[in-house]
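# Descriptive structure summary
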Amino acid sequence: MKMRLKDRSMHLAWAIFAMSILAACSSPPVPKPRGYFRIDLPERSYKTYQSDCPFTFEYPSYATVIVDTIRFKEPCWLNLHFPNFRGDLHVSYKQVNNNLEGYLEDSYQFAMKHMSMASAMNDSTVFDADNRVFGLVYKIEGEHTASPYQFYLTDSTHHFFRGALYFNVRPNNDSLAPVIRFIEKDMEHLIETFRWKQQQ
C-alpha cells in the first residue's frame, strides 16, 4: 500500500522538527546571570542631630530619627530609619559607671551572634583623642547576615553609644550590597562627626 503524498509530507515535517529539537539540545545550557532590582541611590546630604541627649552627630537627610518606644527602652535610644532602603540603625546609649567592660563585652557578643551566617568579620578602631571618641566598628560579611554593620563609641569614662544596622527584608546581602556600601559611608560620616556634648 503506497503512502499518500500528504502523509509523506507530514512524516517529513515531523522528522525535521524532531532533528532540530535534538540538535538544539546537543550544546550545554548557559545559565543566565543573576539579576537584581535597580536601586536608585540618593544624593548625599546631612543634618545634625540635636536633642537633650549628651551627644550630637550628623545623619543623612534621607533618614528619619525616631525615638525608640520599646518597653524596656532607656533615654536616648533611637532608630535611624532609612525608608527608601527598608533599613534601620538601632542606637542605644548608656551612662558608664565603672561598668564599661561589661558594655564592651556585650557589644562583642552581639556582633558574634551573626558569625554563624557570616563569611567574614572585619573590625576597625575609632580613635579621636581630641574629642574623646573611641570605639570599634564591625563589618560583618555574608549573604544571609542579618546585621552587616555594628559599632560602639565611648569616651571611656562616662558615656557608651552603640549602633547596629538591620534591614527589614529577608537577608540577601548579595542583592543589598550596593545599599550596604552606600549606608556604610553614612555610618562612617556619623562616627566622624560624633561629639559628646560635655567633656567630663
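Each remark here, short or long, concerns the structure printed above.
All values derive from a computational prediction rather than experimental measurement.

### Observations concerning the overall build of the protein
Tallying secondary structure elements over the protein gives 3 helices and 10 strands in all. Beginning at the N terminus, the succession of helices and strands in the protein can be written as α-β-β-β-β-β-α-β-β-β-β-α-β. When each of the 200 residues of the protein is scored for burial, the buried share is 36%. The long-range share in the protein, meaning contacts at least 24 apart out of those at least 6 apart in sequence, stands at 50%.

### Some points on the side chain of Thr 56
By secondary structure assignment, the location of Thr 56 is in strand E2 (residues 55–60). Non-local contacts of Thr 56, meaning those with residues more than four positions away in its chain, are made with Tyr 49, Gln 50, Thr 193, Phe 194, Arg 195 and Lys 197.

### Section: the packing of aromatic side chains
Per the stated rule, a full pass over the model turns up 18 aromatic pairs. Their ring planes at 70° and their centres at 4.9 Å tell us that Phe 55 and Phe 161 sit as a pair that is edge-to-face. Pair noted here: Phe 55 is in strand E2 and Phe 161 is in strand E9 (residues 159–167), with a separation of 106 residues, a long-range link. Per residue, the accessibility class of Phe 55 equals that of Phe 161, and both read buried. Here the aromatic residues Tyr 49, Phe 55, Phe 57, Tyr 59, Tyr 93, Tyr 149, Phe 151, Phe 161, Phe 194 and Trp 196 are joined through ring pairs into a cluster of three or more. Taking the ring centre of Phe 182 as reference, the NZ or CZ of Arg 44 above it sits at 3.9 Å.

### Brief notes about the environment of Ser 147
Within the element layout of this structure, Ser 147 appears in the loop between strand E7 (133–141) and strand E8 (149–154). Along the primary structure Ser 147 and Phe 110 are separated by 37 residues, whereas in three dimensions their C-alpha atoms are 9.9 Å apart. In this structure the side chain of Ser 147 is engaged in a polar contact, spanning 3.2 Å, whose partner is the side chain of Gln 150.

### Things to note about the pattern of salt bridges
Applying the stated criterion across every chain, the model contains 4 salt bridges. Its salt-bridge partner being Lys 94, residue Glu 74 comes within 2.5 Å of it at the nearest N-O pair. One end of the pair, Glu 74, is in the loop between strand E3 (64–67) and strand E4 (78–82); the other, Lys 94, is in strand E5 (residues 87–95), with 20 residues separating them in the sequence. Note on Lys 94: relative accessible area 23%, which makes it partly exposed. It is possible to trace a salt-bridge network through shared partners that takes in Lys 139, Glu 184 and Glu 188.

### With respect to the environment of Phe 110
As for its position among the elements, Phe 110 is in helix H2 (residues 100–112). Since its relative accessible area comes to 38%, Phe 110 is described here as partly exposed. The spatial distance from the C-alpha of Phe 110 to the C-alpha of Gln 150 is 8.8 Å, given a sequence separation of 40 residues. Leaving out residues up to four positions away in the same chain, Phe 110 has contacts with Gln 150 and Arg 162.

### Section: the side chain of Gln 150
Mapped onto the elements, Gln 150 comes out in strand E8. Using a relative accessible area of 2% as the deciding quantity, one classes Gln 150 as buried. Of note is the side chain of Gln 150, whose polar atom sits 2.7 Å from the side chain of Arg 162.

### So, the nonpolar core
Counting residues in hydrophobic clusters, the biggest one holds 34 residues, and the most contacted among them are Phe 55, Phe 151 and Phe 161. Contributing elements (two or more residues each) for this core: E2, E4, E5, E7, E8, E9 and helix H3 (173–193). Ignoring anything within four residues of it in the chain, the contact list for Phe 151 reads Leu 89, Leu 136, Val 137, Phe 161, Arg 162, Gly 163, Met 187, Leu 190 and Ile 191. The next biggest cluster of nonpolar side chains, apart from the first, holds 9 residues, and it includes Leu 100, Ile 140, Tyr 152 and Phe 160.

So, how was this worked out
Residues numbered from 1 in each chain as written. Predicted model: local features only at pLDDT ≥ 70, side-chain atom pairs only at ≥ 80, totals over all residues. Heavy atoms only, no water. Helix = DSSP H or I, 4+ residues; strand = E, 2+ residues; numbered from the N terminus. Buried < 20%, exposed > 50% of the residue type's maximum accessible area, 1.4 Å probe, protein only. Contact = heavy atoms within 4.5 Å. Phe/Tyr/Trp six-rings, centres within 6.5 Å; stacked < 30°, edge-to-face > 60°. Lys NZ or Arg CZ within 6 Å of the ring centre and 35° of its normal. Polar contact = N/O pair within 3.5 Å; in protein donor to acceptor, adjacent residues only side chain to side chain. Salt bridge = Lys/Arg side-chain N within 4 Å of Asp/Glu carboxyl O. Core = buried A, V, L, I, M, F, W, Y, C linked by side-chain atoms within 4.5 Å.

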